[in-house]
Amino acid sequence: MDELVEAFVARRPSGLEQAYALWSRLFFSVARHAIADSDRAEDCVHDALVRVWRSPNRFSGNREMLKAYLVTCVRNESFTTLRREGRRDARELKTARLAPVTSVDPPVVDPVETQRLQAALGRLPDEQRMALTLAYYGNKTHVEIAQELNVPLGTIKSRISMAMRKLQTDLASAEGTRS
Amino acid sequence: MTEHLGENAELYPLGILDDDAVRDVERHIALCDACAERVAQAQRAAASLAAALPAASPSPALERRLRDSVRPPLGAAKGHPSIFRFALAAAVALIFLGLGWQTLVLQQRLKAEDIAFVTMVHSHFNHVSMSPESANPVAAKILYARDGSWIYIIADKPGGSLHAIAETPTGSIDLGGLTSTGETASLLVHPRERIRSMVLQRAGQNVASARLTY
């Protein structure tokens, strides 16, 4: 097993510290995208990572999967915090960035990976890309997206689900080609 | 078990499910391997989406907070108000392990490196005797944290300046010279990489070596 993963699962402090050293910008960028206030975004990163580290039996997998798992935990923690505070609406979501592909801000990771992602998003059918983009970059719930697009809730869930699965396949295939 | 997650497996890592649905997903994947795998794949796709987010860097304070949250507080544990209790605990542990002579040295160095020793006492650690090498070897032992975060080398009657060389997954690291304290010499390091093996050199010649297991 990967040493980092092993240390993390064994609840060694070094496991969390190494994970943070590798992916701190990613974690914080994910939280900061959901929460406008930097201090509260840091709280979310802290709370999510410590909670996960204290119950690592939930995780099994390799290093990339650990990264993805932790990113998910940070994002869910951020939205849980917003919901708890009753603020997952106007003020916070004004900061949402609806057009990441054309954003001039530097991306979190290397440009090649960003390019691959953008290409994969571009290959999705329009209605699926729209639903996924509103959900991830627009920070909208599936209920809000259904209302905004005037489409049944079940349809939105299906579009997002299909978009995610296509994205997985597309990115995995691109990864295979690159390696 | 309830029925499989269905589309919520892909919605979960996007953070768009409500709290009840999130809890349902987490409970379910703890019991269902198939759905856990589906969620894991969705998480990878979601992590890729994060690649296009504008970058933001956390303050250095966050790293310190995380460290404080996962490391035992130094010298602040309830019921152990004094550094000397930690020293005593360390001494008892080491005597129990048959390392009496190292204990004396630990006590001598306590004032200078009390933080490091408190960390040791709080941590689980391993120890290994170094194998003598050359015609004029040195008797030495290594105490080290199970997570590899610190290593303490101690040599008896060093017979000259000793130098420590460590082998890590990425190559050799010169850890520097051991500090002589009379009859013994020692070195405390906090390596950045996990150390696999260690060699002590005197005048460029190997005089002791050990392999570290974690």
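Structure's up top.
Predicted model only: the values in this text are computed from it and were never measured.

Asker: Please clarify how the interface of chain A and chain B should be interpreted in this entry.
Answerer: In many reports, interface size means the accessible area that the parts give up when they come together. Taken together, the contact pairs 66 residues of chain A with 48 residues of chain B. Summed over the shared surface of chain A and chain B, the number is five salt bridges. We note a salt bridge from Glu-17 of chain A to Arg-67 of chain B, for which the minimum N-O separation is 3.7 Å. Where chain A touches chain B, the interface holds 16 residue pairs in polar contact (both at pLDDT 80 or more).

Asker: Mind showing me how you'd approach the pairing of strand β6 (residues 171–177) of chain B here?
Answerer: Here is the key point about a regular strand: its side chains alternate between the two faces of the sheet. Residues and elements named next belong to chain B. Two elements, strand β5 (residues 162–168) and β6, share six bridges in a ladder whose sense is antiparallel. Along β6, the bridge assignment pairs Ala-164 with Gly-176. Between β5 and β6, which follow one another and run antiparallel, lie two residues.

Asker: What is the right way to read the nonpolar core from this model?
Answerer: One broad rule of soluble globular proteins: the nonpolar side chains tend to lie buried together. Formed by 79 residues in total, the largest nonpolar core has its most connected members in Leu-70, Leu-132 and Ile-160 of chain A together with Leu-14 and Leu-49 of chain B. The contact partners of Leu-14 of chain B, leaving out residues within four places of it in the chain, are Arg-75, Phe-79, Leu-132, Ala-135, Tyr-136, Ile-160 and Met-164 of chain A together with Ala-46 and Leu-49 of chain B. Formed by 24 residues, the second largest nonpolar core is a distinct cluster that contains Val-128, Tyr-144, Ile-151 and Ala-164 of chain B.

Asker: Explanation requested: the packing of helix α7 (residues 126–136) of chain A against helix α8 (residues 142–149) of chain A in the structure shown.
Answerer: To characterise two packed helices, one gives the angle between the axes of the helices and the distance between these axes. All names here are of chain A. In the contact formed by α7 and α8, the axes pass within 10 Å of each other and the chain directions differ by 130°. As the angle between them shows, α7 and α8 are arranged oblique. When you trace α7 past α8, the crossing you get is right-handed. Packed against α7, whose contacting residues are Met-130, Ala-131, Leu-134 and Ala-135, the element α8 presents Ile-145, Glu-148 and Leu-149 at the interface.

Asker: Teacher, can you tell me more about the state of the cysteines here?
Answerer: Scanning the model with the defined rule gives zero disulfides over all chains in all. Cysteine Cys-35 of chain B remains unbridged, with the sulfur of Cys-32 of chain B as its closest cysteine sulfur at 3.7 Å.

Asker: What should I look at first to understand the pattern of salt bridges in this one?
Answerer: In a structure, side chains of opposite charge can pair up when their charged atoms sit close to one another. Inspection of the entire model under this criterion finds 15 salt bridges over all chains. Across the pair Lys-140 of chain A and Glu-148 of chain A runs a salt bridge whose closest N-O atoms are separated by 3.3 Å. Taken together, the shared-partner salt bridges in this structure form one network comprising Glu-3 of chain A together with Arg-194 and Arg-196 of chain B.

Asker: Would you mind going over helix α4 (residues 60–70) of chain B with me for this structure?
Answerer: Two residues of an α-helix separated by three or four positions point the same way, owing to the 3.6 residues in each turn. For α4 of chain B, the set of buried residues is Leu-62, Leu-66 and Val-70 of chain B. When α4 of chain B is viewed along its axis, its buried side chains cluster within an angular range of 60° and face the same direction. Among the exposed residues of α4 of chain B, those oriented more than 90 degrees off its buried face are Pro-60, Arg-64 and Asp-68 of chain B. Contacts made by the buried residues of α4 of chain B are with α2 (13–34) and α3 (38–54) of chain A.

Asker: Is there a simple way to think about the packing of α2 of chain A against helix α4 (residues 63–84) of chain A in this case?
Answerer: Residues and elements named next belong to chain A. Running from N to C, α2 and α4 point in directions that differ by 35°, and their axes come no closer than 9 Å. Judged by the twist between their axes, the crossing of α2 over α4 is right-handed. Where α2 approaches α4, its residues Ala-19, Leu-22, Trp-23, Leu-26, Phe-27, Val-30, Ala-31, His-33 and Ala-34 are matched on the opposing element by Arg-63, Leu-66, Lys-67, Leu-70, Val-71, Val-74, Arg-75, Ser-78, Phe-79 and Leu-82. Here the residues of the contact of α2 with α4 are counted per class, giving 14 nonpolar, two polar and three charged.

Asker: Would you explain the sheet that holds β6 of chain B in this entry?
Answerer: Through backbone hydrogen bonds, the strands of a sheet pair up, either in parallel or in antiparallel fashion. Residue and element names in this part refer to chain B. An order of β2-β10-β9-β5-β6 is seen for the five strands of this open sheet, with the pairing classed as antiparallel. Both edges of this open sheet fall to β2 (131–132) and β6, since each of them pairs with a single strand only. Pairing of β2 with strand β10 (residues 205–211), which is carried by two bridges, proceeds in the antiparallel orientation. Its bridge partner lying in β10, Ser-131 is registered against Ser-209.

Criteria and thresholds
Residues numbered from 1 in each chain as written. Chains lettered and ligands numbered in written order. Predicted model: local features only at pLDDT ≥ 70, side-chain atom pairs only at ≥ 80, totals over all residues. Heavy atoms only, no water. Contact = heavy atoms within 4.5 Å. Salt bridge = Lys/Arg side-chain N within 4 Å of Asp/Glu carboxyl O. Polar contact = N/O pair within 3.5 Å; in protein donor to acceptor, adjacent residues only side chain to side chain. Pairing = 2+ DSSP bridges. Helix = DSSP H or I, 4+ residues; strand = E, 2+ residues; numbered from the N terminus. Core = buried A, V, L, I, M, F, W, Y, C linked by side-chain atoms within 4.5 Å. Buried < 20%, exposed > 50% of the residue type's maximum accessible area, 1.4 Å probe, protein only. Axes fitted to C-alpha atoms, helices over the stretch in contact; angles between N-to-C directions. Parallel < 35°, antiparallel > 145°, perpendicular 65-115°, else oblique. Left-handed = near helix turned anticlockwise from the far one by under 90°. Disulfide = S-S within 2.5 Å. Arc of directions from axis to C-beta. Nonpolar A, V, L, I, M, F, W, Y, C, P; charged D, E, K, R; others polar.

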